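If you want the building blocks of each chain, they are given just below.
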Amino acid sequence: MTVRALAAPAPPTPAAPTPTPAPPTPAAPGRPQLEATPGRVGESARRPDGIPKVKGQFAFSSDLWADGMLWGRTLRSPHPAARIRAVDTTAAARIPGVRAVLTAGDVPGKPCYGLEHADQPVFAGDVIRYQGEAVAAVAADHPEIAWRAAQAIAVDYEPHEPLTDAEAAITAPPIHPDGNVFRHLTITRGDPDATGDVTVEGTYEVGMQDQAFLGPESGMAIPSDDGGVELFISTQWLHVDRDQVAACLGLPVDRVRLTLAGVGGAFGAREDVSLQVHVCLLALKTGRPVKMVYSREESFFGHVHRHPARMSYRHTATRDGELVKVEARLLLDGGAYASSSTAVIANAACFAAGPYRVPNAVVDGWVVRTNNPPCGAMRGFGAVQACFGHESQMDKLAAALGVDPVELRLRNALRGGDELITGQRLTGTAPAREVIEAAAAHPLPPPPDPDADPMALPGGAGLTAERADVRRGVGFAVGFKNLMYSEGFDDYSTASVRLEEGPDGRPLATVHCAAAEVGQGFVTLAQQIVRSELGVERVVLRAADTQVGSAGSTSASRQTWMSGGAVQAACVAARDALLRRVAQARGVDFQGARRQLLTLRDGEVVHVEGVFRVPLVEALGGRPVEEVREYRHAPTLPLDDRGQGDAHVSYAFAAHRAVVDVDPELGLVRVVQIATGQDVGRALNPLQVTGQIEGGIAQGLGLAVMEEIVVTDGRVRNPSFTDYLIPTALDMPEVLATLIEQPEPGAPFGAKGVGEPPTISSTPAVVAAIRAATGLPLTRVPVSPEDIALARP
Amino acid sequence: MSDQSQSPGYAEAGRAEGSAVPAGSPGGVAPLIDESATYALRVNGRGEAVKAAWLGESLLYVLRERLGLAGSKNACEQGECGSCSVFVDGTLVCACCVLAADAVDADIVTVEGLAQGEALSDVQRCFVDEGAVQCGFCTPGLIVAVTDLLDRCPHAGDMEVREAISGNLCRCTGYGRIFAAVDAVRRRREARA
Ligand code: FES
Ligand code: FES
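Calculation criteria
- Residues numbered from 1 in each chain as written.
- Chains lettered and ligands numbered in written order.
- Predicted model: local features only at pLDDT ≥ 70, side-chain atom pairs only at ≥ 80, totals over all residues.
- Heavy atoms only, no water.
- Contact = heavy atoms within 4.5 Å.
- Buried area = accessible area lost by both parts, 1.4 Å probe.
- Salt bridge = Lys/Arg side-chain N within 4 Å of Asp/Glu carboxyl O.
- Polar contact = N/O pair within 3.5 Å; in protein donor to acceptor, adjacent residues only side chain to side chain.
- pLDDT = per-residue confidence, 0-100.
- Domains from an automatic or database assignment.
- Helix = DSSP H or I, 4+ residues; strand = E, 2+ residues; numbered from the N terminus.
- Nonpolar A, V, L, I, M, F, W, Y, C, P; charged D, E, K, R; others polar.
- Buried < 20%, exposed > 50% of the residue type's maximum accessible area, 1.4 Å probe, protein only.

With 81 residues of chain B at the interface, the matching set in chain A holds 96 residues. Counting each side, the surface lost to burial between chain B and chain A is near 7300 Å², with a carbon and sulfur contribution of 57%. Across the chain B-chain A interface, the total number found is six salt bridges. Where chain B packs against chain A, one counts 23 residue pairs in polar contact (both at pLDDT 80 or more).

Structure, rendered in structure tokens:
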């Protein structure tokens, strides 16, 4: 069988001097390796997959191709709430070129899947709970035939009134046997009746944001000889996918093998199963490779979104501006199925008061089931919603007190040793003050230039704004969130490192780790770590797959710490094994403190007392060393019934200052500049850290002024890039970033995850700037032009 | 209330009713693929025969699925993201919006045609060096779009650059490193000129 390689194989094969349209290249199914680019920890090493990506040779999950492959297609419900009376697939099955049509009755294993609770059917059998829920799947010779066949499936629906109001869902009759409340949790800290001099209240809303990664959900399943299946897939966590897929297929996990195919962005949307089970079922049914690729429209229905939130806050402070108490009620709409809702609400609640010393707090957090689209993980994971609430409140409080908003934040900022509202003491670094000061210290942009390009005005290419009407505003916000998994979750990563003589006679290190590279640059970092730890220049990375232990999810800003830690631990173990081998060969005592006598330095095993030095390849003696290690972070605990407990491991802080120009007549906003200070622990690859910061800010800006999945009566109104807008090159402002480097104790290399913090407080900073420019309260994101143009202060 | 719905229903924008299953043909369906439909494309300087294809296939589909040129990407397939950018007779187009059978006789250049063998073009090199690539899904389209811009307007100013690539969505980078890459190409070319 011919299968297109999953990435440009390395080392690069000499290519023809003229451009060659490569026909699908015969290659072993998906076992590519990535070559290293120079650079050790702390340097801006270039991505090892950069060259194949710029040449168009990196194979994403939608690029896979195999001899005799079929195309899969899902049939989805047009109704957000309905009963299915009957499904008739006969007409579809008769279409020439259709090889399989599957419905709920064809699922051999567990009928449902889910990240935390298996409550989502593989195919809806009798009840539809959201618009876009899968009802059937088809495999056919051509994607157009598959689409037509899906059209030809006759489903007899009995639609009914959808439950779409999150508040009503709490008490409404359950729309699922597991009930409507995914989780209700309260945090009670200090004295709930504490009083102060000043109180401000507000109600805030966050719309439903989409991750909108560019690479559509896609993958290929290939039946294997043992009755199992091999799945090439873009995902954030191979092993949790494998476990869910195997359960639904009714197969033991060792007969379901997953390999990571090129991932075109993730941002949380690939944590849940989308097409994984469907494509495997189709492959097993037909005995042929099956490829599935969602259209952009289907993608909007095929993955979870950021939870919309309704939040009421009351802040109480002394007249000197010290926070006395924060009270909050947070209501998140989880949509039809649980996904990771229970963890999202925990985060929203734990970080509801923001990165401030708050002696007294009462937080009431709810996440409920409705007939709206299912919601789950997205970059920032609960902290984003809460941050819009607490930062809007801090500005209100600053206004009520007549103090500068930055000054108020500095006065209350958390410091090492402080306690959070969960009672957990900050034992790691907590540079909340430093990130605030760094963001505020950046120079402001020059005032609006009367001669500037009109393209630079709000509305840009529309050339609609009158220069004289444009008003400038500056806003500030700060946020924080946990790194890695919390509340007692057994969070670990696995890596293997093999050290051997390469084909060229030089030392070669090979890393095998299932961490999903989704664009963040773990592949670069893994190689930097090996170079630093072992001093080996040639490092290759095996494809991420389920043949090695789990690396956990590429989420919660955790892979640098967790899989970075696993790679480092495996390197140390491999080095020890090598040194022990040399010690034995040379008759050197390698017990206890005597181990220090041997080191691996610049490609040589060195006796520190100068007795001998042995080149690494010679030290190997023709036999590779290979070590596998699991890395775990310090254990966490569940929250108790008052929401107290050491639930988290570490936190990252960031602050943002936004400058905007607003045309109040038309309600148009141009973000002129965003300045940030971010707590990174230590920047292991400054170029990649910068990329995460800029990219995260773009998503925060998107939520502030343009991004929302519009849902009315349970129906999505804008499932396309025509109607769901993400920031373009014209929307992004200048970004000024300061990295605050305070190495985190206990973290490998002192590094904190950096992916999520840029997305958290950038949104409220932009909105604060629009408020400053317009004087409007603006309590909902995204802020629409109507919110500005049709409102009057 | 009853609804005998036969459509996937969730909008399916852009799909005309007419593309539904034609009635009255054997088995209720006309064969999709006309075995005799054969045409030739010229891609990256090479002639390519496309045989027994459905004439409704886009240029993007034919490049990716029939000619093995998967470099052009498929992020939206409705002209909104630029990930499928290619040159047709020297003009930058979205390959998803062109019918392949309509591109017969045209000179098509894809991202695969920009490197000279192993040597990256300056645009490709600067994207790698400046950190403009993260997931890389937008990258091929941006490489083609930036190549087009800097060949047409070597002295494009910042606003022109922003405008020129505003049709190429990137969800990962926030564009900062992409602007840096474009700057680096301009500097290299100026240094050489
Ligand atoms: S795939 Fe062609 S513009 Fe998006
Ligand atoms: S790098 Fe991921 S979309 Fe641009």
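A word on the confidence of the model for chain B. Residues and elements named next belong to chain B. Counting all residues, the mean pLDDT for chain B is 87, and 84% of those residues have values of 70 or more. Within the model, pLDDT remains below 50 along residues 1-28, and this stretch shows 60 contacts once partners closer than five positions in the same chain are excluded. If you check the scores for this complex, the pTM reads 0.94 and the ipTM reads 0.95.

Quick look at the domain arrangement of chain A now. Residues and elements named next belong to chain A. Each domain of chain A was delimited in the assignment, giving domain 1 (70-161 + 216-263 + 270-302), domain 2 (305-486 + 638-789) and domain 3 (492-632). Placing a centre on the C-alpha atoms of domain 1 and another on those of domain 3 gives a separation of 40 Å. Facing 13 residues of domain 1, the contacting portion of domain 3 comprises 17 residues. In total, domain 1 and domain 3 occlude about 1100 Å² of area from one another, counting both sides; carbon and sulfur atoms represent 56% of this. Where domain 1 meets domain 3, there are zero salt bridges. The interface formed by domain 1 and domain 3 contains eight residue pairs in polar contact (both at pLDDT 80 or more). Put simply, the parts of the chain that give the side of domain 1 that touches domain 3 at least two residues each are helix 5 (238-249) and strand 14 (256-260). Here the side of domain 1 that touches domain 3 is built from residues that sort into six nonpolar, four polar and three charged.

The next thing to look at is the environment of A438(A). Residues and elements named next belong to chain A. Here A438 lies in helix 11 (residues 432-441). The class of A438 is buried, set by a relative accessible area of 11%. Through-space distance from the C-alpha of A438 to that of V138 is 55 Å; in sequence the pair is 300 residues apart. Leaving out residues up to four positions away in the same chain, A438 has contacts with G677, T738 and I740.

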